[in-house]
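# What the coordinates show
Listed below, chain by chain, are the residues.
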Amino acid sequence: MNITVVGAGKIGRAIIESLDKENHDIIVIDKDPKIIEQLQNSFDLMGICGDGINIKNLELASLKSCNLFVATTGSDEHNMLSCLIAKSLGAKYTVARVRNSEYAGETLNYIKQQLDISMVFNTDLLTAQTIYNNIKFPSAMKYEMFSGRKFELVELPIKDDSIFAGKALSKIKSQFDISFLVCYVNREGVGSAIPTGDYVLEAGDKIGLVASPIEMQALLKRMNVLQKQVRNVMLLGASRVAVYLANRLADNGYKVRILEKSEEKCHSVVEVLDDRVELVIADGIDSSLLLEEGIERQDSFVALTGLDEENILVAYHAMDMGVPKVIAKVNHETYVDISEKMGVDCAISPNHLAADFILKYARALDSTVESKIETLYSLMNGVVEALEFIVSPDFSKIGVKLKDLKLKNNILIAGIIRENKTIIPNGNDVINEDDHVIVVAKEQKLSDLADILA
């Protein structure tokens, strides 16, 4: 596909890097000549130095042949105007990054319709939603869901005393009357794998589990890893993400406290915060102050400052002080790995979430009529993906038993959702029209359900 990206900041670069791995033809427009030079040295793309609403710059981008136009600068208005002009110059689909909470609901839908913008995304809101899901599921290192929580994907570490340690997957399955699937394994020094029944789990492995919500709760209880539900949450930093997250938590009955050292920032966010959220002017880097603010009584701590290093260190400190569920917002992918090696429960990257959002949209545009991508999660630093497809009547293998399908290597059909019924499939199950099919793949870039076939 021909894709043009306007704005190559942190979010834009993450999107570009993700799209480059899939061999799209990319054109980047950015005002900073140093950024353009760096991108051209790192990726196979065309760079245009200038403003993304300048007609001459957009004409240089040959938008008549542009399949997807993505505007991701720091200005909402700039992004929307850029999309409007790009559409008028021939871009087929346009996507705008929007951050202002005032552009929401009916207002945003009206703007999209009037400006003919195909899609909008709010990285701060995506991040807040992801953190909220992980707070709701405190037992998991990572938590994702499919079809409105009909299926859940939970990532967990295998500890020394785990009932899974030292056992083959086939033996584990035979010992449980619970319907679940281990869909991927990551082992230190070995890498990620889509396991077969004879795969033996070891202490230190990270595994991905797929099950319905009821079965997942039962499984985690049997594994003795189910933590008590979070009620008290402390957030460090009064960022946009913190505001979205705090309001969402308060709406759902959580007790929330935000620590922010900047008095000016506190004054700027207090009007948009739920009345039930407690906002404290305090420097959360100070360990004695954290104790004064009652960190040891918190069920969850989330570090949301603008500095990755600060978030990681304070999150680690919160774990050391006994907080059961700790989450750090981390932009740089390398820091995600570092934080997890330090033992931080969960590191969430806004850049990563934005890249996944655009990648899913690009794959959906690039797919055939045989299926539609509903959900895409990039796992294990992009080595593993979990996707949800909606099956159209044109899929060539409808009604064929799964055991008779010839799949590509490193592909696993992990779940089927049929008329609100969840199925952990076996070889005798089939795929029907309108099914939601969950596929887990290693080192495969799937745009369509047909792509799983050898």
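Everything quoted here is computed from the prediction, not taken from an experiment. (Residues numbered from 1 in each chain as written. Predicted model: local features only at pLDDT ≥ 70, side-chain atom pairs only at ≥ 80, totals over all residues. Heavy atoms only, no water.)

### Points about the overall build of the protein
Quick note on the threshold: Under the DSSP-based scheme used, a helix requires at least four consecutive residues in state H or I and a strand at least two consecutive residues in state E, with every element numbered from the N terminus. The globule rule used for comparison is 2.2 Å times the number of residues to the exponent 0.38, while the radius of gyration itself is calculated over C-alpha atoms. For every residue, the accessible area obtained with a 1.4 Å probe (protein chains only) is divided by the maximum for its type, and the residue is called buried under 20%, exposed over 50%, and partly exposed between those limits. Any two residues whose heavy atoms approach within 4.5 Å at even a single point are treated as in contact. The method behind every accessible area is Shrake-Rupley, applied with a 1.4 Å probe, and residues are considered shielded solely by the protein chains displayed. Asp and Glu count as negative and Lys and Arg as positive, but His and the ends of the chain are not part of the count. In this description, the location of a charge corresponds to atom NZ of lysine, CZ of arginine, CG of aspartate or CD of glutamate.
When you go through the protein residue by residue, the secondary structure sums to 14 helices and 22 strands. Taking 454 residues into account, the globule formula puts the C-alpha radius of gyration at 22 Å, and the protein, at 23 Å, falls close to it. When its C-alpha atoms are laid out on the principal axes, the protein stretches across 65 × 65 × 40 Å. Split into buried and exposed, the 454 residues of the protein put 54% on the buried side. Pairs at least 24 apart in sequence give 62% of the contacts found in the protein among residues at least 6 apart. About 20,300 Å² of surface is accessible on the protein, with carbon and sulfur atoms providing 48% of the total. Looking at charge distribution, the protein has the averaged site of its 49 positive side-chain charges lying 4 Å from that of its 65 negative ones.

### Considerations on the packing of helix 6 (residues 123–136) against helix 14 (residues 350–366)
For clarity, the cut-off: As a rule, the C-alpha atoms of each element are fitted with a line to give its axis, helices using only the stretch in contact, and angles between N-to-C directions run from 0 to 180 degrees. Any angle that is under 35 degrees is reported as roughly parallel, and any over 145 degrees as roughly antiparallel; angles of 65 to 115 degrees are reported as roughly perpendicular and all others as oblique.
Packing of helix 6 against helix 14 leaves a shortest axis separation of 9 Å and a crossing angle of 105 degrees. It follows that helix 6 is roughly perpendicular to helix 14 by the angle criterion. Here helix 6 contributes Thr123, Leu126, Thr127 and Thr130 to the contact with helix 14, which in turn contributes Pro350, Leu353, Ala354 and Phe357.

### Comments concerning the nonpolar core
The condition that has to hold: The nonpolar core is taken to be a set of buried Ala, Val, Leu, Ile, Met, Phe, Trp, Tyr and Cys residues, with the residues joined through side-chain atoms within 4.5 Å.
Counting 43 residues, the largest nonpolar core has Leu19, Ile431 and Leu449 as its most contacted members. In terms of residue count, the dominant contributor to this core is helix 14 (six residues). Counting 28 residues, the second largest nonpolar core, distinct from the first, contains Tyr132, Val233, Leu235 and Ile348.

### Section: the sheet that holds strand 12 (residues 232–236)
Basically, it comes down to this: In this analysis, strands are considered paired if DSSP registers two or more bridges between them.
The strand order across the open sheet built from six strands is 14-13-12-15-16-17, with neighbouring strands paired in parallel fashion. The open sheet has two edge strands with one neighbour each: strand 14 (278–281) and strand 17 (346–348). Each neighbouring strand pair of the sheet contributes to a mean axis angle of 20 degrees, computed without reference to strand direction. Two elements, strand 13 (residues 255–260) and strand 14, share four bridges in a ladder whose sense is parallel. Bridged to Leu259 within strand 14 is Val280.

### A word on the environment of Ile390
If you trace the backbone, Ile390 turns up in strand 19 (residues 384–391). Taking C-alpha positions, Ile390 is 48 Å from Asp283, a pair spaced 107 residues apart along the chain.

### Concerning the pattern of salt bridges
Our working rule: We count a salt bridge whenever a side-chain nitrogen from Lys or Arg sits within 4 Å of a carboxyl oxygen from Asp or Glu.
For the structure shown, the criterion picks out 18 salt bridges. Of the charged contacts, one joins Asp116 and Lys87 as a salt bridge, the two residues approaching to 4.0 Å between their closest N and O atoms. Residue Asp116 is located in the loop between helix 5 (105–115) and strand 6 (119–121), and its partner Lys87 is located in helix 4 (residues 76–88); the two are separated by 29 residues in the primary sequence. Overall, the relative accessible area of 23% leaves Lys87 in the partly exposed class. Across the pair Arg222 and Asp177 runs a salt bridge, and its minimum N-O distance is 3.6 Å. Note that Arg222 is positioned in helix 8 (residues 213–222) and Asp177 in the loop between helix 7 (169–174) and strand 9 (181–187), a separation of 45 residues in sequence. Overall, the relative accessible area of 41% leaves Arg222 in the partly exposed class.

### Structural notes on the side chain of Ser349
Note the threshold: Any N or O atom pair separated by 3.5 Å or less is treated as a polar contact, with the protein-specific requirement of one donor-capable and one acceptor-capable atom, and with residues adjacent in sequence counted only for side-chain atom pairs.
Here Ser349 is to be found in the loop between strand 17 and helix 14. When its relative accessible area of 5% is taken as the criterion, Ser349 is described as buried. Here the side chain of Ser349 touches Val330 through a polar contact of 3.4 Å, landing on its backbone oxygen. The contacts of Ser349, once residues within four sequence positions are left out, are Val330, Asn331 and Val336.

### Looking at unusual backbone geometry
For residues that are not glycine, phi is negative in most cases, and the peptide bond is trans in most cases. Of note in this structure, Glu419 is not a glycine but carries a positive phi near 50 degrees. Checked against the element boundaries, Glu419 lands in the loop between strand 20 (411–418) and strand 21 (421–423). A residue is classified by how much of its surface remains accessible, and Glu419, at 78% relative accessible area, is exposed. Of note, the phi angle at Asp434 is positive, near 75 degrees, even though the residue is not glycine. Relative to the elements of secondary structure, Asp434 occurs in the loop between strand 21 and strand 22 (436–442).

### Considerations on the packing of aromatic side chains
Going by this rule: The pairing test for Phe, Tyr and Trp rings, Trp by its six-membered ring, is centres within 6.5 Å, and the orientation test on the planes gives stacked under 30 degrees, edge-to-face over 60, and tilted for anything in between. Working rule: Lys NZ or Arg CZ, within 6 Å of ring centre, within 35 degrees of ring normal, means a charge sits over the ring.
Taken as a whole and judged by the stated rule, the model has eight aromatic pairs. Consider the rings of Tyr93 and Tyr361, whose centres lie 6.5 Å apart with planes at 90 degrees: the pair is edge-to-face. Highlighted residues: Tyr93 in strand 5 (residues 93–97) and Tyr361 in helix 14, separated in sequence by 268 residues. Here Tyr93 falls in the partly exposed class, since its relative accessible area comes to 29%. Their ring planes at 20 degrees and their centres at 4.8 Å tell us that Phe137 and Tyr143 sit as a pair that is stacked. An identical accessibility class is assigned to Phe137 and Tyr143; each is buried. By the ring-pair criterion, three or more aromatic residues cluster together here, those being Phe164, Phe176 and Phe180. Residue placement shows Arg248 over the ring face of Tyr132; its charged tip is 4.2 Å from the ring centre.

It is worth stressing that arrangement in space is one thing and function is another; only the former is reported here.
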